[in-house]
Each structure stands twice: as structure tokens, then as C-alpha cells.
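# Close look at the chain arrangement
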Amino acid sequence: MFYTPENRDPSLKYDPIKAIVAPRPIGWISTLSLDGVANLAPYSFFNAVGGMPPMLMFASEGFKDNARNAVDTGEFVFNYASKSLSEEMNLSSANAPSDVSEFEYYGIETAESKIVAPPRVAKANAAMECKVTSVVETNDVEGNLTGAFVIIGQVVGVHINDDMLRDGRFDVNLAEPVSRLGYMDFGLTSDLHEMIRPDWKG
Ligand SMILES: Cc1cc2nc3c(=O)[nH]c(=O)nc-3n(C[C@H](O)[C@H](O)[C@H](O)COP(=O)(O)O)c2cc1C
């Protein structure tokens, strides 16, 4: 099968692209509005985009609260979405008004960040404090703006729940990250195998 996104094959009831680009890590992003309202929502258009300095990005389809707050204040926090917090993560995706804090509304406990102002999810197995370095509104092939915003931030502080550490490594078997698959599906990482990266021997 081949199709163009504007003319999806009618046999495909739902857009398969997010099921093809899967699993995606979930950036459970917290920000603080200029009025001091703490905001929390999941973003699976999310990833690490640099190692040193470490950089994270999330993309907002429309100028959603987290995108606006990150642009207004220059700060956001990544919170680790684990199996144990997946209900709270999903609840926090509801389209709450800007003046309502998902932390308060859903009773999600906060912890103070050390360097940036937005609070973090207290029970998250990890959190990364970020300062915004770039904001890009994407454009299509005709050059028209799409209304989607990519927010990139530099990690300036890393929190780790010490219980997730084994032999100096952050252990994903313990941390149990939840990933986003297509449609309404979520995944768990349960089958790890190690591969040693080869040296070029040519
Ligand atoms: C697992 C999951 C992943 C999501 N990923 C994104 C995303 O990458 N970009 C986006 O714009 N919305 C995404 N959403 C929807 C937002 O979480 C939702 O629109 C939310 O209300 C935005 O909150 P905010 O306006 O408080 O930032 C996702 C929802 C879920 C449940």
C-alpha cells in the first residue's frame, strides 16, 4: 500500500503514522504560567535531541498551555511517566482550562525544582529541569506555518529516584517507563537485550 497523508487509503480507519513511529517516549511536561499556575500534560512528540549539552524537545500541536508557558518563562520540566503513574499521566492530558492546575485538580503531588521555577511530579522516577533554547513553528512544503511548535530546552538539572539505580545505572526494569504506541495503545518495556556497538574494522 502507498498513500499520501492528504488522501489516506479509505481502508485505514485511523491515521497509522503514530502507530508506525512507535514506541515513542512520553515527555510528561510541567511548566508555570506567568500567573503562577502549574501546568502538567503528556507529550509523545518528545525526545532527547542532544547528549552534551543534553537537549530535550517536545512538540505542541497548537499553542497549548505548556508551549505557551515554556515560551513565556523559558523553562519546563520533563517528568518520567512510569507504569505506576500512567493513570495520572493520562488524566493530565484532559483539555483543562489554562487557569486550572492539573497537579491540583488530579491531586498529583508536587516537588520543588532546584534551578527552574516549574514544580515537578514528586513521585516521578526521574525529572529533568530544562531551560528553553529554541522555539520553532514548523512550516509545510509550501512554506505555510502549521500551528505546531517544537520547543527545545537544555537540561540544567537531573533528578533521579535513588531506588531506580543499580550498579550505577538507571535501571529501566525498575523504572518501568510507559511509551506511546498508535491509536489508544501504550507499551511497557519488558524484554531488554544488550548489543555491543561495533568498531569499524574495514
Ligand atoms: C500519551 C499522550 C501523548 C500526547 N502527546 C501530545 C503531543 O506530542 N503533542 C500535543 O500537542 N498533544 C499531545 N497530547 C495531548 C495533550 O496532552 C493535551 O492536548 C493536553 O491537554 C495539553 O495540555 P496543556 O494545554 O496543558 O499543555 C498527548 C496526550 C497523551 C495522552
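Residues numbered from 1 in each chain as written. Predicted model: local features only at pLDDT ≥ 70, side-chain atom pairs only at ≥ 80, totals over all residues.

### Side note on helix α2 (residues 65-73)
Every buried residue belonging to α2 is among Asp65, Asn66, Ala67, Asn69 and Ala70, and all of these are buried. Looking one or two residues past α2, Gly74 carries a phi angle of roughly 75 degrees, positive in sign. (Buried ≥ 20, exposed ≤ 12 C-beta atoms within 10 Å, placed from the backbone. Helix = DSSP H or I, 4+ residues; strand = E, 2+ residues; numbered from the N terminus.)

### Considerations on unusual backbone geometry
Here the residue pair Ala22 and Pro23 is connected by a cis peptide bond, since its omega of 0 degrees sits within 30 degrees of zero. One can find Pro23 in the loop between α1 (17-20) and β1 (24-25). Looking along the chain, the bond that leaves Met52 and enters Pro53 is cis, with omega of 0 degrees. With respect to the secondary-structure elements, Pro53 resides in the loop between β4 (46-51) and β5 (54-61). At Asp167, a residue that is not glycine, the phi angle is positive and equals roughly 50 degrees. Mapped onto the secondary structure, Asp167 falls in the loop between β11 (165-166) and β12 (169-170). Its identity as a non-glycine residue notwithstanding, Glu176 has a phi of 50 degrees, on the positive side. As for its placement among the helices and strands, Glu176 is situated in the loop between α5 (172-175) and β13 (178-180). Look at Glu176 and you get partly exposed, because 19 C-beta atoms sit within 10 Å.

### Regarding the site of the ligand
Near the ligand you find 17 residues, and of these Ala41, Phe45, Lys64, Asp65 and Asn66 are the closest. Among the secondary structure elements, those contributing two or more residues to the shell around the ligand are β3 (38-43), β5 and α2. The biggest single contributor to the shell around the ligand is β3, with four residues. Looking at the shell around the ligand residue by residue, the classes come out as six nonpolar, seven polar and four charged. (Near = placed C-beta within 6 Å. Nonpolar A, V, L, I, M, F, W, Y, C, P; charged D, E, K, R; others polar.)

### Here we look at the pairing of strand β10 (residues 145-160)
In this structure, β5 lies alongside β10, joined through seven bridges in antiparallel fashion. Directly across from Met57, in β10, lies its bridge partner Ile152. In this sheet, β10 lies alongside strand β9 (residues 126-139) in antiparallel orientation, the contact comprising 12 bridges. Bridge assignment links Asn139 to a residue of β10, and that residue is Leu145. Counting the residues that bridge the hairpin from β9 to β10 gives five residues, and of these Gly143 lies at a positive phi of roughly 90 degrees. (Pairing = 2+ DSSP bridges.)

### A closer look at the sheet that holds strand β14 (residues 186-188)
Read across the sheet, three strands follow the order β1-β13-β14 without closing on themselves; strand pairing throughout is antiparallel. If you trace the sheet from one side to the other, it starts and ends with β1 and β14, each paired once. Alignment of β1 against β13, held across two bridges, turns out to be antiparallel. Looking at the pairing, Arg24 lines up with Arg180 of β13.

### Considering the sheet that holds strand β6 (residues 75-80)
Read from one edge of the open sheet, seven strands run β3-β2-β6-β9-β10-β5-β4, paired in antiparallel fashion. Looking at the sheet topology across the chains shown, the edges are occupied by β3 and β4. Strand after strand, the sheet turns through a mean of 35 degrees between neighbouring axes, direction not considered. In terms of strand pairing, strand β2 (residues 27-32) meets β3 through six bridges, oriented antiparallel. Within the sheet, the bridge partner assigned to Ser30 lies in β3 and is Leu40. Against the sheet, α2 contacts β2, β3, β5, β6, β9 and β10, and its axis sits at roughly 50 degrees relative to β2. (Axes fitted to C-alpha atoms, helices over the stretch in contact; angles between N-to-C directions. Contact = placed C-beta atoms within 7 Å.)

### Description of the nonpolar core
Within the largest apolar cluster, 33 residues are counted, with the highest numbers of intra-cluster contacts made by Trp28, Ile29, Val77, Phe78, Ala81, Ala127 and Ile151. For this core, the secondary structure elements donating two or more residues are β2, β3, β5, α2, β6, β9 and β10. Filtering out sequence-adjacent residues up to four positions away, Phe78 remains in contact with Gly27, Ile29, Leu56, Ala127, Met128 and Cys130. (Core = buried A, V, L, I, M, F, W, Y, C linked by C-beta atoms within 7 Å.)

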